[in-house]
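Descriptive analysis of the structure
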Amino acid sequence: MHFPTKFIFITGGVLSSLGKGLASAAIGALLESRGLTITLQKLDPYINVDPGTMNPFQHGEVFVTDDGAETDLDLGHYERFTHAKLGRNNNFTTGKIYHSVITKERRGDYLGGTVQVIPHITDEIKQSIISVANDVDVVIAEVGGTIGDIESLPFQEAIRQFKSDVGKENVLYVHLTLVPYISTAGEVKTKPTQHSVKELRSIGIQPDILLCRTDRFLSKEIKSKIALFCNVDVDQVITAKDVETIYEVPLLFHQEGLDNKIVALLNIWTRAPKLGRWKELVEKIKTPKYSVAIAVVGKYIHLKESYKSLNEALCHGGIANDCKVNLDFVDSETIDESNCRERLGQADGVLVPGGFGARGIEGKISAIRFAREEKIPFFGICLGMQMTVVEYARHVAGMQGAHSTEFDEATPFPVIYLMKEWFDYKSQKVQQRDVTSHKGGTMRLGAYPCVVKEGSLAHQAYRNEEISERHRHRYEFNNDLKERLEEAGLVMSGISPDGKLVEIVEMADHPWFLGCQFHPEFKSRPMDPHPLFVSFIKAAIDYKNRRGGE
Ligand code: GLN
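In short, a report on the structure. (Residues numbered from 1 in each chain as written. Predicted model: local features only at pLDDT ≥ 70, side-chain atom pairs only at ≥ 80, totals over all residues. Heavy atoms only, no water.)

Moving on, we come to the environment of Asp 509. As for its position among the elements, Asp 509 is in the loop between β24 (502-507) and β25 (513-516). A relative accessible area of 56% means that Asp 509 is categorised as exposed. It is 8.9 Å that separates the C-alpha atoms of Asp 509 and Lys 375, two residues lying 134 residues apart in sequence. (Helix = DSSP H or I, 4+ residues; strand = E, 2+ residues; numbered from the N terminus. Buried < 20%, exposed > 50% of the residue type's maximum accessible area, 1.4 Å probe, protein only.)

Here it is as structure tokens:
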């Protein structure tokens, strides 16, 4: 392309949860469909250096990139909607910005100057935005939080300054607000949007495009009213109506003229968008031939956001099989051997996802046992895989009291334990870890290679021997007990190339029973569904058919 990199900044008003992350991802998808190269970035106002140390109840899922960054879950949306290669520079927090400024100050980089929010913090923020601008036509940067929050002010000030730094023709501000329908009045209300834009303008940012989240299409009159009060043209007011599936958002935005407006305002010449694949995808999601019920037995089930990528990956596995996947979240604290049949008996597949902490552990083990014995397709991910090994050790290999040392340090059979030393491919160094290691950023994180055993279930799914998957865990399979588990029939079907780390386990005498130490859900995309999820959902459909035929 022959134009300088363009920057789109996305802010949100009125309240959180309006779908700013999805809106950003959808804009990315639309620009890509016009042949542009893009990247996305999330700027988060909280003080944690990354969300890795936050509880999923607090902040939803922690998304992991190939390079091992623990990031905001919006990066998951970005990867699922676009081809952008994301890594640690695609997510900055206040904590990370300050950490870097304070490190420079201690080193003496500021040569005796007073270090201040403006310009030092704002410069650092601008630098972080620039750091992802290499080799792309457009950077889409989403500012977390809501306009008016004290803590997001430095980010807002930085993006305000950005326009004069790189030229006004290269920057576009998109603001997402709410236009609620008030049933007692029988009309939609524009006042929250007016106030939000007023707040934005008071810090010096005039939005170029307003995305109005509503439950209905906005009339020309309403759009004109918003345009008048918010100082934009009427075609710069876009309806962001609720949709049936998130993958419809790019199509809806396009129908509202959003991508045309963006390229016009940024003065970019592109081809017309090619949206055929998105249309096909949405069509497929809306008219599935089959349906299955998957029981997800976990701890964070009350918060949908906690298993975001997992939910999406299951949906993708469904799309590939022309199947709607209904999720039944089962609280692992409420399940035990006595009620498994009642709670899981109707499921066409059981999945135990990743997690931390002892709560609900025995419930997960009971669910795995039930799925194994009843021959219900079973998928264990990360902690789910670790508990699969524990269950198998206890009930098949005769290792009474087997456990992970995360939950029982004195177990006679520590089948999962803290490996004191392991060779880290990324740093090409031997890493050491013990219980006193720092909590932040010290897990096995990001993409690691794995060799898949020929003829295994995993191999049938991947159709490949060499794979790479993303990790986020501290504990590992204990090789000292491997032989005994193998003799009892557990198949180690995925191992690190040096043979030291067990990455996938499965059971031969079962239609589909597999646990993986990594998180396959992070790499699944609607148009490129993850092979393990495709294979698992296929097994669930087969199981349902078999059961129906009995
Ligand atoms: N708590 C386990 C560990 O740290 C599993 C982590 C996970 O499921 N992400 O190894």
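Turning next to the packing of aromatic side chains. How two aromatic rings sit relative to each other is given by the distance of their centres and the angle of their planes. By the definition in use, this model includes 13 aromatic pairs. Ring geometry for Phe 7 against Phe 9: centres 6.4 Å apart, planes inclined by 10°, an arrangement best described as stacked. Judged by relative accessible area, Phe 7 falls into the buried class, the value being 3%. Under the relative-accessibility criterion, Phe 9 is labelled buried at 0%. For the ring pair Tyr 307 and Phe 329, a centre distance of 6.4 Å and an interplane angle of 5° mean the geometry is stacked. On the criterion of sequence distance, the pair formed by Tyr 307 in the loop between β12 (290-298) and α12 (308-320) and Phe 329 in strand β13 (residues 323-331) is long-range, its members being 22 residues apart. Residue classification places Phe 329 among the partly exposed residues on the basis of a relative accessible area of 27%. Grouped by ring-pair contacts, the aromatic residues Phe 7, Phe 9, Phe 162 and Tyr 173 constitute a single cluster. The side chain of Lys 96 reaches across the aromatic face of Phe 92, ending 4.5 Å from its centre. (Phe/Tyr/Trp six-rings, centres within 6.5 Å; stacked < 30°, edge-to-face > 60°. Lys NZ or Arg CZ within 6 Å of the ring centre and 35° of its normal.)

The next thing to look at is the nonpolar core. In this structure, Ile 8, Ile 27, Leu 31, Ile 140, Leu 211, Phe 253 and Ile 262 are the most contacted members of the largest nonpolar core, which totals 45 residues. Top contributing element to this core by residue count: helix α1 (residues 20-33), with eight residues. For Phe 253, the residues in contact, after removing those within four places along its chain, are Ala 23, Ala 26, Ile 27, Leu 30, Leu 211, Ala 240, Leu 258 and Asp 259. Listed in part, the 44 residues of the second largest apolar core include Val 330, Cys 340, Ile 368 and Leu 485. (Core = buried A, V, L, I, M, F, W, Y, C linked by side-chain atoms within 4.5 Å. Contact = heavy atoms within 4.5 Å.)

The full set of residues close to the ligand is Gly 354, Gly 355, Phe 356, Cys 382, Leu 383, Gln 386, Glu 406, Arg 472, His 473, Arg 474, Tyr 475 and His 519. Take Leu 383: an N or O atom from its main chain is 3.0 Å from an oxygen atom of the ligand. The separation between a nitrogen atom of the ligand and a polar side-chain atom of His 519 is 3.3 Å. Coverage of the ligand by the protein amounts to 99% of the 300 Å² it exposes when considered alone. Elements with a contribution of two residues or more to the shell around the ligand: α15 (383-395) and β21 (466-473). Grouping the constituent residues of the shell around the ligand by class yields four nonpolar, five polar and three charged. (Near = heavy atom within 4 Å. Polar contact = N/O pair within 3.5 Å; in protein donor to acceptor, adjacent residues only side chain to side chain. Areas by Shrake-Rupley, 256 points an atom, 1.4 Å probe, with all protein chains shown as cover. Nonpolar A, V, L, I, M, F, W, Y, C, P; charged D, E, K, R; others polar.)

Our next topic: a nonpolar patch on the surface. A surface patch of nonpolar side chains, about 330 Å² in accessible area, is lined by Tyr 98, Ile 102, Val 117 and Ile 118. Put simply, the parts of the chain that give the nonpolar patch at least two residues each are α4 (94-107) and α5 (117-130). Among the structural elements, Tyr 98 can be located in helix α4. (Patch = residues over 30% accessible without salt bridge, like charges linked within 9 Å, V, L, I, M, F, W, Y side chains within 5 Å. Salt bridge = Lys/Arg side-chain N within 4 Å of Asp/Glu carboxyl O.)

Quick look at the environment of Val 350 now. Inspection of the secondary structure puts Val 350 in strand β14 (residues 349-352). Looking at Val 350, the relative accessible area reads 0%, which means it is buried. Residues Val 350 and Phe 370, 20 residues apart in the sequence, show an inter-C-alpha distance of 9.4 Å. What Val 350 contacts, discounting residues up to four positions off in sequence, is Ala 295, Val 297, Ala 371, Ile 376, Pro 377, Phe 378, Phe 379 and Phe 536.

Looking only at helix α10 (residues 258-265), the buried set comprises Leu 258, Asp 259, Lys 261, Ile 262 and Val 263. On its buried face, α10 sits against β1 (6-12), α1, β7 (171-178), β10 (209-214), β11 (237-241) and α9 (249-255). Asn 267, located one to two residues past α10, shows a positive phi value of around 60°.

With that out of the way, let us pick up helix α6 (residues 153-166). For α6, built from 14 residues, the straight-helix expectation of 20 Å at 1.5 Å per residue is met to within 8% by its first-to-last C-alpha distance of 20 Å. Just beyond α6, the residue with positive phi is Gly 167, at close to 100°. (Expected span 1.5 Å × (residues − 1).)

An order of β16-β17-β22 is seen for the three strands of this open sheet, with the pairing classed as mixed. Pairing within the sheet leaves two strands with one partner each, and these edge strands are β16 (403-404) and β22 (476-477). Relative to strand β17 (residues 414-417), β16 runs parallel, the two sharing two bridges. Bridge pairing in β17 places His 403 opposite Pro 414. Packed on one face of the sheet, α15 meets β16, β17 and β22 and runs near 170° to β17. (Pairing = 2+ DSSP bridges. Axes fitted to C-alpha atoms, helices over the stretch in contact; angles between N-to-C directions.)

With that settled, the discussion passes to the pattern of salt bridges. For the coordinates displayed, the defined rule picks out 35 salt bridges. Among the ionic pairs, Arg 470 bridges to Asp 66, the shortest N-O distance being 2.9 Å. Taken together, the residues Arg 470 in strand β21 and Asp 66 in the loop between β3 (63-64) and β4 (70-71) connect sequence positions 404 residues apart. With a relative accessible area of 4%, Arg 470 lands in the buried category. Classification of Asp 66 as partly exposed rests on a relative accessible area of 34%. With its nearest N and O atoms 3.0 Å apart, the salt bridge here joins Glu 362 to Arg 394. With Glu 362 in helix α14 (residues 361-374) and Arg 394 in helix α15, this pair connects stretches of sequence that are 32 residues apart. Accessibility expressed as a relative area gives 18% for Arg 394, which makes it buried. Taken together, the shared-partner salt bridges in this structure form one network comprising Lys 42, Asp 44, Asp 72, Asp 74 and Glu 142.

Along the polypeptide, Glu 32 turns up in helix α1. Summary of buried charges: Glu 32 has no salt-bridge partner, and the nearest side chain of opposite charge, Arg 525, is 7.2 Å away. Here His 83 takes part through its backbone nitrogen, which lies 2.9 Å from a polar atom of the side chain of Glu 32. Setting aside its immediate chain neighbours within four residues, Glu 32 contacts Ile 38, Phe 81, Thr 82, His 83, Ala 84 and Arg 271. (Lys, Arg positive; Asp, Glu negative; His and termini not counted.)

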